[in-house]
Amino acid sequence: MLPPEVAEKLGFYVYLYIDPRSRQIFYVGKGVGARLLDHLVDPQESRKTKVIAELKAEGLEPDIEVLAHQLPN
């Protein structure tokens with residue numbers, strides 16, 4: 001969960017999902033609020049969700065990094 005005060009300070013942002021095993025970026029997204037966490041429970045099948053499922057099966061989670069924040073909407 002992303003605390004509301006953190007989400008407010010981020011504003012609009014660009015974020016990265018990184019595979020902790022290889023340090024490879026496997027997803028780049030843009031969002032506001034807690035959008036960067038939505039993919040962790042996304043039911044749709046995609047390359048991104050496949051990598052997340054593989055990580056979870058190994059007891060891992062993707063590293064999530066905010067690349068830029070407080071961007072104009």
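Remember, it's a predicted structure, so these values are computed and weren't measured experimentally. By convention here, each chain's residues receive numbers from 1 onward along its written sequence. In keeping with the model being predicted, local features are shown solely for residues with a pLDDT of at least 70 and side-chain atom pairs are shown and tallied solely at 80 or more, while totals for entire chains, interfaces and linings include all residues. Note that water and hydrogens are dropped before the side-chain values are worked out from all heavy atoms of the structure.

Note on classification: 1.4 Å probe, protein chains only; a residue is buried when its accessible area is under 20% of the maximum for its type, exposed when over 50%, partly exposed between these limits. Secondary structure elements are defined from DSSP: runs of H or I of at least 4 residues count as helices, runs of E of at least 2 residues count as strands, and each element is numbered from the N terminus. Looking at helix α3 (residues 47-57), one finds that the buried residues are Lys48, Thr49, Val51, Ile52 and Leu55. The buried side chains of α3 occupy one side of the element, clustering within an arc of 160 degrees when seen end-on. Set apart from the buried face of α3 by more than 90 degrees, the exposed residues are Arg47, Lys50 and Ala57. In the segment just after α3, Gly59 is the residue with positive phi, at about 75 degrees. It is the directions from the helix axis to the C-beta atoms that the arc portrays.

Attention now moves to the nonpolar core. The nonpolar side chains of a soluble globular protein tend to be buried, and buried together. The definition of a nonpolar core used throughout is a set of buried Ala, Val, Leu, Ile, Met, Phe, Trp, Tyr and Cys residues joined through side-chain atoms within 4.5 Å. Within the largest apolar cluster, twelve residues are counted, these being Leu2, Ala7, Leu10, Tyr13, Tyr15, Tyr17, Phe26, Leu36, Leu40, Val51, Ile52 and Leu55. Mapped onto this core, the elements with two or more residues apiece are α1 (4-10), β1 (12-18) and α3. Pairs of residues are marked as contacts when any of their non-hydrogen atoms sit within 4.5 Å. Leave out the neighbours within four places in its chain, and Ala7 touches Leu2 and Gly33.

With five of its seven residues buried, β1 lies for the most part within the structure. Here, strands pair whenever DSSP counts at least two bridges between them. Pairing analysis gives six bridges linking β1 to strand β2 (residues 25-31), with the strands arranged antiparallel. When the bridges of β2 are listed, Leu16 appears paired with Val28. Connecting β1 to the next strand, β2, in antiparallel fashion are six residues, including Arg23 with a positive phi near 65 degrees.

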